[in-house]
Amino acid sequence: MKVLVTGGCGYIGSHTVVELLNDKQEVVIVDNLVNSKKEVLEKIKEITGKEVKFYEEDLCNLQELKHIFEKEKFDSIIHFAGLKAVGESVSKPLMYYQNNLISTLNLLECMQEFAVKKIVFSSSATVYGNPKTLPIKEDFPLSTTNPYGTTKLMIENILTDVYKANLDYDITVLRYFNPIGAHKSGLIGEDPNGIPNNLMPYIVKVATNKLPVLNIYGNDYNTVDGTGVRDYIHVLDLAHGHLLALKNKKTGLKIYNLGTGRGTSVLELVNKFQEVNHIKVNYQITKRRDGDIDACYANCDKAKEELGFTTKYTLEDMCKDSYNYVKKNTIQ
Ligand code: NAD
Ligand code: UD1
């Protein structure tokens, strides 16, 4: 199958490209490198022994995108490309609406013009807002609290309307919980520039002495130890979920949670990280971060039943692999 992977140089995209290549799929990446580096392509080659065709292009450029579709004749699309920083989306909403929505509309227009009927879309657990009960199932009410989340929900709605008008389309929406970890080789992973917003990248920066102390945002939540609980999933398990979605025989519009179904608190994650990596992570308890919720974890039964999705990596793997990647790629 010839697959267009948008945003394939990014964190989740690059791991999924490796998974696809190992499964002998033909992959073409389109990425404008706004949040990634071209060197990722070399690393993917080092891991898989395979060259990936790459277009450095902005999906918002419809004419160029049409040229690529015309030339490549894709069978399917996995759409990762998008901006994803929640805080930035609050201060620059137009940038988020423009980038995430226009890129997706352009893709959908190309799909229509070039008769590509299959797409897998990266959505997020953020579309569940503050859930009333746990674990979260796909049919829970949806709401968002920031422009980033709203772009995800708007795209889900657009895909639903497009499906209603084209019942022969095959659309899969994957709602990711909290991806962490990295490829076992340490060649690809996540290492954001500047001060990270998300927990694992921050822990790793403290562990590698790039930042002095981890702020734990609140210990008065209604959870096991008062710190926030989330469903952390290894990026390799997540990548495998995309391959399953791509090969799934069930057609139509399908929505799946991809998580592990287990909640882990901030303190549990920090302790596990220290234990498996034999390193101290300085932390202090500070006040809650605006907009955070007590707990969020998935019910993944639907993905298990319909995709055969299960996770094989543990929290230990996630902690080891995140640290291994950053250690290998940090000049001390
Ligand atoms: P990432 O930033 O590492 O990767 C996104 C890639 O898309 C980057 O390589 C970027 O350069 C590219 N891109 C952005 N806008 C583009 C455009 N207009 N044209 C071409 N390329 C463009 O992010 P990620 O963590 O790999 O996330 C992938 C997708 O999954 C995103 O849509 C994100 O919103 C979604 N998601 C991520 C998480 C998470 O915690 N990482 C959670 C839920 C959902
Ligand atoms: C993030 C995204 C959300 C996305 C979700 C799943 C943000 C603000 N939100 O939320 O849109 O749907 O991932 O991908 O980026 N924490 C600390 N100290 C830190 C950082 C985090 O204590 O320095 C705590 C948080 O309070 C939370 C937990 O760690 O309890 C996880 O935080 P984070 O990694 O930012 O993920 P989410 O809040 O789930």
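Residues numbered from 1 in each chain as written. Chains lettered and ligands numbered in written order. Predicted model: local features only at pLDDT ≥ 70, side-chain atom pairs only at ≥ 80, totals over all residues. Heavy atoms only, no water.

### Quick look at the pattern of salt bridges
Note that side chains of opposite charge can pair when their charged atoms are close. Selection rule: In the sections that follow, a salt bridge refers to a side-chain nitrogen of Lys or Arg positioned within 4 Å of a carboxyl oxygen of Asp or Glu. The numbering of helices and of strands both runs from the N terminus, where a helix is a DSSP run of H or I of at least 4 residues and a strand a run of E of at least 2. Whether a residue is buried, partly exposed or exposed follows from its accessible area with a 1.4 Å probe, protein chains only, as a fraction of its type maximum: under 20%, in between, or over 50%, in that order.
For the structure on display, the rule yields 21 salt bridges. Between E109 and K66 there is a salt bridge; the shortest N-O distance is 3.4 Å. Taken together, the residues E109 in helix α5 (residues 93-113) and K66 in helix α3 (residues 62-72) connect sequence positions 43 residues apart. In this structure E109 comes out as partly exposed when scored by relative accessible area, which is 37%. On the basis of relative accessible area, K66 is assigned to the buried category, the value being 16%. Salt bridges here are not isolated pairs; linked through shared partners, they connect K2, E26, K53 and E72.

### Considering the site of ligand 2
Rules: Note on terminology: near, applied to a residue and a molecule or strand, indicates that one of the residue's heavy atoms is within 4 Å of it. Contacts described as polar in this section are N or O atom pairs within 3.5 Å, which, within protein, must combine one atom able to donate a hydrogen with one able to accept it, while residues neighboring in sequence count only if both atoms come from side chains. Using the Shrake-Rupley algorithm and a 1.4 Å probe, accessible areas are obtained, with residue cover drawn only from the displayed protein chains.
In the neighbourhood of ligand 2, 21 residues make up the surrounding shell, with S124, N215, R230, R289 and D292 lying closest. Measuring from an oxygen atom of ligand 2, one finds a backbone N or O atom of F177 at 3.1 Å. Between ligand 2 and L199 there is a distance of 2.9 Å, counted from an oxygen atom to a backbone nitrogen or oxygen. Relative to its unbound accessible surface of 740 Å², ligand 2 loses 87% to contact with the protein. Of all the secondary structure elements, the ones that give two or more residues to the shell around ligand 2 are β7 (178-180), α7 (199-207) and β8 (214-217).

### Thoughts on the state of the cysteines
Note the cut-off: Criterion for a disulfide: a pair of cysteine sulfur atoms at a distance within 2.5 Å.
Under the counting rule described, the total for this entry stands at zero disulfides. For C9, which is in no disulfide, the shortest distance to another cysteine sulfur is to C60 and amounts to 16 Å.

### Remarks on the pairing of strand β1 (residues 2-6)
Keep this limit in mind: Place the viewer so that the strands point away; then a crossover is right-handed whenever the path from the first strand over the helix to the second strand goes clockwise. At least two bridges found by DSSP between two strands is the condition for calling them paired.
Most of β1 is tucked away: five of the five residues are buried. The two faces of β1 match: K2, L4 and T6 on one face and V3 and V5 on the other face are all buried. Running through helix α1 (residues 11-22), the crossover from β1 to the neighbouring parallel element strand β2 (residues 26-31) is right-handed. With four bridges joining them, β1 and strand β4 (residues 76-79) adopt parallel strand pairing.

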